[in-house]
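Working through the structure, step by step
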Amino acid sequence: MKKTMVFAIVLATMIIIMTSFNLQLAPTAPLNIPESALPTALYVCPAASSVFDPISMGFAPFTRFFRILLAFALMILPFYWGWALYQNLLKDKFNRDSFKTPWAMTKALFWAVVIILLMIKTPNYFRTVYVRGDNTAYVLCENNTPGARAVRADAVYRK
């Protein structure tokens, strides 16, 4: 590929990533949610810890980086496939070797995503919450679950 074409592809990919992930140079002011919009109570139960929780917490600071890297790789991958197809169409014959790099990248990307998601997303990942003033991890549950306790909804937050 020519340098200008690679530059244009990377530039277009970076613009899409910056707008998709709301990356910007100047910070924005947070939105204030009115008190009347908050529900009055949520029910929480103690979260059962597993082997995967410390692993997940170790990867927590890097999840945004992983998402951006994944989006970048998923945007570059079609260009690899397109370039291999273009080279075959230019020569007017099928060359199997030109598709080895895109296929290897596709397989590596697939397994990297599977392994990273298994390490980041634990069984309680989507349900884990914290209550202000308490460092214990809880999961959202129903009011009839054993061990459930009612807390104010505005005291419940997610890290």
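Our subject is the structure listed above.
The text that follows walks through the structure, step by step, so that each part is easy to find. Please read these numbers as outputs of a predicted model, since none were measured by experiment. (Residues numbered from 1 in each chain as written. Predicted model: local features only at pLDDT ≥ 70, side-chain atom pairs only at ≥ 80, totals over all residues. Heavy atoms only, no water.)

As for the overall build of the chain
For the chain, the count of helices and strands is four helices and five strands. Listed by position from the N terminus, the elements making up the chain come as α-β-α-α-α-β-β-β-β. Across the chain, contacts joining residues at least 24 apart in sequence account for 74% of those joining residues at least 6 apart. Carbon and sulfur atoms make up 68% of the accessible area of the chain, which amounts to about 12100 Å² in all. (Helix = DSSP H or I, 4+ residues; strand = E, 2+ residues; numbered from the N terminus. Contact = heavy atoms within 4.5 Å. Areas by Shrake-Rupley, 256 points an atom, 1.4 Å probe, with all protein chains shown as cover.)

Some words on the pairing of strand 1 (residues 41-46)
The sheet contact formed by strand 1 and strand 4 (residues 149-152) spans four bridges and is antiparallel. Bridge pairing in strand 4 places Leu42 opposite Val151. As paired strands, strand 1 and strand 3 (residues 137-140) are joined by three bridges and run antiparallel to one another. Among the inter-strand pairings, Cys45 is bridged to a residue of strand 3, identified as Val139. (Pairing = 2+ DSSP bridges.)

Digging into the packing of helix 1 (residues 3-20) against helix 3 (residues 63-91)
Running from amino to carboxyl end, helix 1 crosses helix 3 at an angle of 145°, the nearest separation of the two axes being 10 Å. Pair helix 1 / helix 3 crosses with right-handed handedness. Between helix 1 and helix 3, the residues in contact are Met5, Ile9, Thr13, Met14, Ile16 and Ile17 and Ile68, Ala71, Phe72, Met75, Ile76, Phe79 and Trp83, respectively. (Axes fitted to C-alpha atoms, helices over the stretch in contact; angles between N-to-C directions. Left-handed = near helix turned anticlockwise from the far one by under 90°.)

Quick word on the packing of aromatic side chains
Throughout the structure, instances matching the rule amount to eight aromatic pairs. Here Phe59 and Phe66 contribute two aromatic rings whose centre-to-centre distance is 5.9 Å and whose plane-to-plane angle is 50°, an arrangement assigned as tilted. Relative to Tyr86, the ring of Trp83 lies with its centre 5.5 Å away and its plane at 35°, an arrangement referred to as tilted. Here Trp83 pairs with Tyr86, and both are found in helix 3, just three residues apart, close to one helical turn. Judged by relative accessible area, which is 27%, Trp83 ranks as partly exposed. (Phe/Tyr/Trp six-rings, centres within 6.5 Å; stacked < 30°, edge-to-face > 60°. Buried < 20%, exposed > 50% of the residue type's maximum accessible area, 1.4 Å probe, protein only.)

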